[in-house]
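# Notes for the structure review
One letter stands for each residue in the lines below.
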Amino acid sequence: GKHFETTRSTLTAALTVAPASYFGSMSDGFSKGRMQRDGEGRVFIDRNGAMFEYILDFLRRYSSSDKNADFAIRALPKIQMEAMRKELTYYGLESAVF
């Protein structure tokens, strides 16, 4: 798989529009049952890494108050958009983008 590095503040950036998101719930322990750690203590998420790259970019841009944070996601071709919607739904972030 692919490893990503980020901060908790980036992952929880969308709390204002998606308070029950997968990452927003990290802070209150809600998703502990869903989260696994690898041998090095990193959070392991068995999802589409290519789509996660877009989601992480969205969260980074959103956390810096970029009004076009969702641009790269919205510009995806239709077939990729279907996969993206599934990922956004999984992470509880669809309302933050659409």
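I will try to describe carefully the structure that is included in this document.

Reading the values: rules and limits
- Residues numbered from 1 in each chain as written.
- Predicted model: local features only at pLDDT ≥ 70, side-chain atom pairs only at ≥ 80, totals over all residues.
- Heavy atoms only, no water.
- Helix = DSSP H or I, 4+ residues; strand = E, 2+ residues; numbered from the N terminus.
- Rg over C-alpha atoms; globule rule 2.2 N^0.38 Å.
- Buried < 20%, exposed > 50% of the residue type's maximum accessible area, 1.4 Å probe, protein only.
- Contact = heavy atoms within 4.5 Å.
- Expected span 1.5 Å × (residues − 1).
- Arc of directions from axis to C-beta.
- Polar contact = N/O pair within 3.5 Å; in protein donor to acceptor, adjacent residues only side chain to side chain.
- Core = buried A, V, L, I, M, F, W, Y, C linked by side-chain atoms within 4.5 Å.
- Salt bridge = Lys/Arg side-chain N within 4 Å of Asp/Glu carboxyl O.

What follows covers the overall build of the protein chain. Looking only at helices and strands, the protein chain has five helices and two strands in total. Secondary structure elements of the protein chain, listed N to C terminal, follow the sequence α-β-β-α-α-α-α. By the compact-globule yardstick of 13 Å for 98 residues, the protein chain fits well, its C-alpha radius of gyration being 13 Å. With the C-alpha coordinates of the protein chain rotated into their principal frame, the extents come out at 35 × 30 × 20 Å. Split into buried and exposed, the 98 residues of the protein chain put 33% on the buried side. In the protein chain, the share of contacts with a sequence separation of at least 24, taken over all contacts with a separation of at least 6, comes to 59%.

What follows covers helix 2 (residues 49-63). Compared with the 21 Å implied by 1.5 Å per residue over 15 residues, the 21 Å span of helix 2 between its first and last C-alpha is a close match. Residues of helix 2 that are buried: Met51, Phe52, Ile55, Leu56, Phe58 and Leu59. Each buried residue of helix 2 lies within a common arc of 155° when the element is viewed along its axis, so the set occupies one face. Turning to helix 2, the residues buried within the fold contact helix 1 (8-11), helix 3 (71-74), helix 4 (78-91) and helix 5 (94-97). Taking the backbone nitrogen of Ala50 as reference, a side-chain oxygen 2.9 Å away marks Asn48 as the first, capping residue of helix 2. Two residues or fewer past helix 2, Ser65 is found with a positive phi of approximately 60°.

Ile55, Leu59 and Leu93 are the most contacted members of the largest nonpolar core, which has 22 residues in total. Breaking this core down by element, the ones donating at least two residues are helix 2, helix 4 and helix 5. Element by element, the count of residues in this core is highest for helix 2, at six residues. When neighbours within four sequence positions are excluded, Leu59 is seen to be in contact with Thr10, Leu11, Ala13, Ala14, Phe23 and Leu93.

If charged atoms from side chains of opposite charge come close, those side chains can pair. One pass over the full model with this rule turns up seven salt bridges. Close ionic contact of Arg47 with Glu87 constitutes a salt bridge, the shortest N to O distance being 2.9 Å. Residue Arg47 is located in the loop between strand 2 (43-44) and helix 2, and its partner Glu87 is located in helix 4; the two are separated by 40 residues in the primary sequence. In this structure Arg47 comes out as partly exposed when scored by relative accessible area, which is 32%. Taking relative accessible area as the criterion, Glu87 reaches 8% and is therefore assigned buried. The structure contains a network of salt bridges with shared partners spanning Asp38, Glu40 and Arg42.

Remember, this is a structural readout, not a statement about activity or role.
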